[in-house]
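Descriptive structure summary
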Amino acid sequence: TQLTHDFQDPSMRILRKKFATGLLYYQQNKQPVFYPLDDETVLEFLENIAHLTRGKVLEKAIVWNYFSVAVEGYWYAVKDMIADLRKNENDDDLYRDLEWLSKELSKITAGRKGHDISNHPTQEKINNYLESEARLNCVN
C-alpha cells in the first residue's frame, strides 16, 4: 500500500502529469516539445515495482490490481523510445523488468477478460490514458 500511496503522492502526480503531457505531445506530433525520457522518474518507479515483482517481493496479482493500467499505459507509450534508447546506449537491459511486467500483467488481464495475450492496446487507448494522466489533479 505504500507504493500506491507514493504513486498518488502530489509530487509524483506532478511528475506523472508532466511526463504524460510530453508523451502525449510526442505521440500526436512525433516531435517532442521536450524528449519525454529526459525525466524518467515515473518509469523508474514502475521499473522498481517490476523488479520487486520479478523478484517475488510483490505478488503479481496485487501489482495487477494496483498498477496494471499505469504499467500498460506507460509501457506502450514509451516502448519504441525505449527500443531506441537501448540501441543508442547499447544496453538491452534498460527497462527490461518493466517490459517483463507489462507482459505478465497483460497475461492476467487477458485471462480475466477472455482475450488473446497479443491484444495490445490501440494507439487511441494509449492516448486516452495519457490524456487522463495529463489532467491529473496534483493538489491534496
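For the structure itself, look to the data block above.
Residues numbered from 1 in each chain as written. Predicted model: local features only at pLDDT ≥ 70, side-chain atom pairs only at ≥ 80, totals over all residues. Heavy atoms only, no water.

Thoughts on the environment of Asp-97
Quick reminder of the rule: Here a helix means four or more residues in a row that DSSP labels H or I, a strand means two or more in a row labelled E, and each is numbered from the N terminus. Using a 1.4 Å probe on the protein chains alone, a residue whose accessible area is under 20% of its type maximum counts as buried, one over 50% counts as exposed, and one in between counts as partly exposed. The contact definition used throughout considers only heavy atoms, calling two residues in contact when any of these lie within 4.5 Å.
Within the secondary structure, Asp-97 sits in helix α5 (residues 96-113). The exposure class assigned to Asp-97 is buried, which follows from its relative accessible area of 12%. Asp-97 sits 42 residues away from Gly-55 along the chain, and the two C-alpha atoms are 9.9 Å apart. In this structure, Asp-97 is in contact with Glu-47, Ala-50, His-51 and Arg-54, ignoring residues within four places of it in sequence.

Considering the nonpolar core
Where we set the bar: For this analysis, a nonpolar core means a set of buried residues of the types Ala, Val, Leu, Ile, Met, Phe, Trp, Tyr and Cys, connected via side-chain atoms within 4.5 Å.
In terms of nonpolar packing, the biggest core is built from 33 residues, with Leu-23, Leu-43, Leu-46, Tyr-74, Leu-101 and Leu-130 touching the most fellow members. Sorting the residues of this core by element identifies α2 (10-29), α3 (41-54), α4 (60-89), α5 and α6 (123-134) as the ones contributing at least two each. Among the elements that line this core, the one with the most residues is α4, at 12 residues.

A word on the pattern of salt bridges
Formally: Salt bridges are defined as contacts in which a side-chain nitrogen from Lys or Arg sits within 4 Å of a carboxyl oxygen from Asp or Glu.
Enumeration according to the criterion identifies 8 salt bridges in this entry. Note that Asp-97 and Arg-54 form a salt bridge whose closest N and O atoms lie 2.9 Å from each other. Of this pair, Asp-97 sits in helix α5 while Arg-54 is found in helix α3, placing the two residues 43 residues apart along the sequence. Between Glu-99 and Lys-103 there is a salt bridge, and its shortest N-O distance comes to 3.9 Å.

Examining the side chain of Arg-86
The cut-off we apply is this: What qualifies as a polar contact is a pair of N or O atoms within 3.5 Å, subject to a donor-acceptor requirement within protein and to the restriction that residues adjacent in sequence count only when both atoms come from side chains.
Topologically, Arg-86 is positioned in helix α4. Owing to a relative accessible area of 9%, Arg-86 belongs among the buried residues under this scheme. Only 3.0 Å separates the side chain of Arg-86 from the side chain of Glu-99, close enough to count as a polar contact. For Arg-86, the residues in contact, after removing those within four places along its chain, are Trp-75, Asp-91, Asp-92, Leu-94, Tyr-95, Arg-96 and Glu-99.

Observations regarding the packing of α3 against α5
A pair of packed helices is captured by two measures, namely the crossing angle of their axes and the spacing between those axes. Test applied: With axes taken as lines fitted to C-alpha atoms, and helix axes fitted only over the stretch in contact, angles between N-to-C directions fall between 0 and 180 degrees. Put simply, angles under 35 degrees are roughly parallel, angles over 145 are roughly antiparallel, angles from 65 to 115 are roughly perpendicular, and the rest are oblique. In this scheme the handedness of a crossing depends on how the near helix is turned from the far one: anticlockwise by less than a right angle means left-handed, clockwise means right-handed. Residue classes follow a fixed rule: Ala, Val, Leu, Ile, Met, Phe, Trp, Tyr, Cys and Pro count as nonpolar, while Asp, Glu, Lys and Arg count as charged, and any other residue, Gly among them, counts as polar.
In contact at an axis separation of 8 Å, α3 and α5 are set at 70° when each is read in the N-to-C sense. The angle between α3 and α5 places the two elements in the roughly perpendicular class. Crossing hand, α3 versus α5: left-handed. Facing α3, whose interface residues are Leu-43, Leu-46, Glu-47, Ile-49, Ala-50, His-51, Thr-53 and Arg-54, α5 presents Arg-96, Asp-97, Leu-98, Trp-100 and Leu-101. Grouping the amino acids of the contact of α3 with α5 by side-chain chemistry returns 7 nonpolar, 2 polar and 4 charged.

Side note on the side chain of Ser-102
For Ser-102, the position within the fold is in helix α5. Of the residues examined, Ser-102 reaches a relative accessible area of 2% and is grouped as buried. Setting aside its immediate chain neighbours within four residues, Ser-102 contacts Val-71, Trp-75 and Tyr-76.

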